[in-house]
Amino acid sequence: MTAARLHGIPPTIFAEMSALAVATGAVNLGQGFPDVDGPEELIEEAVSALRSGRNQYAPGPGIPALREAVAAHQERHYGLAFDPAREVAATTGATEGIAAAILALVDPGDEVILVEPYYDSYPAMVQFAGGVRRPVTLSLDPTAPGGRLPRAALEAQISSKSKVLILNSPHNPTGTVLTREELETVAAFARDHDLTVVSDEVYEHLTFDGIPHIPIATLPGMRERTLTLSSIGKSYSFTGWKIGWATGPEHLVQALLGAKQWLTYTSGAPLQPAAAYALEHLDHWPQELALDLQGRRDLLCAGLKEIGLDVTIPEGTYFAVSDITDLGWSDGLEFCRALPERAGVVAIPLQGFYDGDAGKHLVRWTFTKQRDVIEEALDRLAQGRLAR
């Protein structure tokens, strides 16, 4: 018998859809990982670390060089000063950071406010911790009254048991980048209700059209109540390295480490020096990647529109979202399961990223593939049977 904490948590949809892509030979625009590695220079740094004996356990909080590089990165880009010894910690990717943060901050019965659609590890870890999730639906309309996260929607989920708010901007899966005004709404809400904010910012450098990423920790009164998570995976196209980090006030970072020490304790010893090198010497690389991704975003979105698929133009991340209602479909999972046979392409249904049915008609496509792969997918979609 499995533990009750696993009940109701389905296998990740990414596993199902990626397996479907392999089984059918479909072009995989589902799972968001690049098909080309990041800078060769970083690979050489990792090789050098392997060959020079950096192969045993790294310190639990991360090697000093990485923590110092993260602290310098936060100050250089955002004006946020952190003590690398006590206010920075390395994690096994941002996903472990999320797990450790929730396990460290959420007791059974505590309520956690999530912005839906959400990255699927958020609700799973809230359940593992015995917490109760309270979803707030993100509008996809940037002109929505009160912004895409209006105060009224946030207030509707607050109670005396509310403890943590999990924020994700740039946002996976919609590609939304919250504006300063929208973030100020969230910040005022968190301050007024004494909430801790766990801010997932793994796509921090991958925004488009000159839209800035603004960490919520930079807003008044938020540094002391925000635990920020990021990683090297997205910004430098090394998603398999699983080198992430947390920054924040000492009490939150040390709480995270209290949980992390019983998860992986440490990982990626020869990759941590390479991650530090990236942050110290290759600031230009994510900027160039973002420009390249913007072009691939435009290619995908224009092609989807030509085919007749409604698409919301993303402001950041790896992903674009389509509404399939006009094709006669009302169920995204059904559509995505049929798509490999009908068109030889795989996408991800969004309904598993909501508590209710708000996203049942939405699907997500990734444009983090090479242009010829995107073009092949668009050709297949144009020739496929997409209408119900």
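Keep in mind that what you see is a predicted model, and the values were worked out from it rather than measured. (Residues numbered from 1 in each chain as written. Predicted model: local features only at pLDDT ≥ 70, side-chain atom pairs only at ≥ 80, totals over all residues. Heavy atoms only, no water.)

## Focus on the sheet that holds strand 9 (residues 310-312)
Part 1: The 4 strands lie next to each other as 9-10-13-12, forming an open sheet whose pairing is antiparallel. Pairing within the sheet leaves two strands with one partner each, and these edge strands are strand 9 and strand 12 (348-349).
Part 2: Where strand 10 (residues 319-323) lies against strand 13 (residues 362-366), 5 bridges are found, and the strand directions are antiparallel. Bridge pairing links phenylalanine 319 to threonine 366 in strand 13. (Pairing = 2+ DSSP bridges. Helix = DSSP H or I, 4+ residues; strand = E, 2+ residues; numbered from the N terminus.)

## Some thoughts on unusual backbone geometry
Part 1: Of the consecutive residues serine 169 and proline 170, the connecting peptide bond is found in the cis state with omega at -5°.
Part 2: Looking at the element boundaries, proline 170 is found in the loop between strand 5 (162-168) and helix 7 (180-192).
Part 3: Note that the residue after asparagine 172, namely proline 173, is joined by a cis bond; omega there is 25°.
Part 4: Backbone geometry at aspartate 194 places phi at a positive 55°, although glycine is not the residue there.
Part 5: Checked against the element boundaries, aspartate 194 lands in the loop between helix 7 and strand 6 (196-200).

## A few points about the pattern of salt bridges
Part 1: The tally for this structure, following the rule as stated, stands at 19 salt bridges.
Part 2: Lysine 163 is the partner of aspartate 110 in a salt bridge, and the nearest nitrogen-oxygen pair spans 3.4 Å. Pair noted here: aspartate 110 is in the loop between helix 4 (93-105) and strand 3 (111-116) and lysine 163 is in strand 5, with a separation of 53 residues, a long-range link.
Part 3: On the basis of relative accessible area, aspartate 110 is assigned to the buried category, the value being 15%.
Part 4: One salt bridge connects aspartate 192 with arginine 151, and the closest N-O pair in it is separated by 2.8 Å. Of this pair, aspartate 192 sits in helix 7 while arginine 151 sits in helix 6 (residues 151-155); the two residues are 41 residues apart in sequence, bridging distant segments of the chain.
Part 5: Judged by relative accessible area, aspartate 192 falls into the exposed class, the value being 54%. (Salt bridge = Lys/Arg side-chain N within 4 Å of Asp/Glu carboxyl O. Buried < 20%, exposed > 50% of the residue type's maximum accessible area, 1.4 Å probe, protein only.)

## Observations regarding the sheet that holds strand 7 (residues 226-231)
Part 1: In space, the 7 strands of this open sheet follow the order 2-8-7-6-5-3-4, with mixed pairing throughout. With one partner strand each, in any of the chains shown, strand 2 (88-91) and strand 4 (132-137) form the two edges of the open sheet. Across the sheet, the mean angle separating the axes of adjacent strands is 20° when strand polarity is ignored.
Part 2: In this structure, strand 5 lies alongside strand 6, joined through 5 bridges in parallel fashion. Bridging across to strand 6, leucine 165 finds its partner in valine 197.
Part 3: Docked against the sheet, helix 3 (residues 64-78) engages strand 2 and strand 8 (244-247), running at close to 115° with respect to strand 2. (Axes fitted to C-alpha atoms, helices over the stretch in contact; angles between N-to-C directions. Contact = heavy atoms within 4.5 Å.)

## Re helix 12 (residues 332-343)
Three- or four-residue spacings in an α-helix give side chains the same orientation, since the helix completes a turn every 3.6 residues.
Part 1: Here helix 12 has its buried residues at Gly332, Phe335, Cys336, Ala338, Leu339, Pro340 and Ala343.
Part 2: Tucked into the core, helix 12 has its buried residues touching helix 1 (13-24), strand 11 (345-346), strand 12, strand 13 and helix 13 (371-383).
Part 3: Among the residues of helix 12, the N-terminal cap falls to aspartate 331, whose side-chain oxygen and the backbone nitrogen of leucine 333 are separated by 2.9 Å.
Part 4: Downstream of helix 12 by one or two residues, glycine 344 has phi in the positive range, about 70°. (Polar contact = N/O pair within 3.5 Å; in protein donor to acceptor, adjacent residues only side chain to side chain.)

## Re the domain arrangement of the chain
Part 1: Parsing the chain into structural domains produces domain 1 (4-38 + 284-383) and domain 2 (40-282).
Part 2: A C-alpha centroid distance of 24 Å is found between domain 1 and domain 2.
Part 3: On the side of domain 2, 38 residues touch domain 1, which itself brings 38 residues to the contact.
Part 4: For the pairing of domain 1 and domain 2, the buried interface totals around 3,300 Å² over both sides, and the portion due to carbon and sulfur atoms is 60%.
Part 5: A salt bridge links arginine 297 to aspartate 209; its shortest N-O distance comes to 2.8 Å.
Part 6: The interface formed by domain 1 and domain 2 holds 21 residue pairs in polar contact (both at pLDDT 80 or more) in total.
Part 7: Listing elements by their share of the side of domain 1 that touches domain 2, those giving two or more residues are helix 11 (284-307), strand 10 and strand 13.
Part 8: A total of 8 residues in the side of domain 1 that touches domain 2 trace back to one element, the largest contributor, which is helix 11.
Part 9: Residues that form the side of domain 1 that touches domain 2 fall into these classes: 22 nonpolar, 10 polar and 6 charged. (Domains from an automatic or database assignment. Buried area = accessible area lost by both parts, 1.4 Å probe. Nonpolar A, V, L, I, M, F, W, Y, C, P; charged D, E, K, R; others polar.)

## Structural notes on the packing of helix 2 (residues 40-51) against helix 10 (residues 272-281)
Part 1: The interhelical angle for the contact between helix 2 and helix 10, taken along N-to-C directions, is 145°, at an axis separation of 8 Å. Between helix 2 and helix 10 lies a crossing of right-handed hand. Only Pro273, Ala274, Tyr277 and Ala278 of helix 10 make contact with helix 2, whose side of the interface consists of Glu41, Leu42, Glu45, Ala46 and Ala49.
Part 2: Considered class by class, the residues forming the contact of helix 2 with helix 10 number 7 nonpolar, no polar and 2 charged. (Left-handed = near helix turned anticlockwise from the far one by under 90°.)

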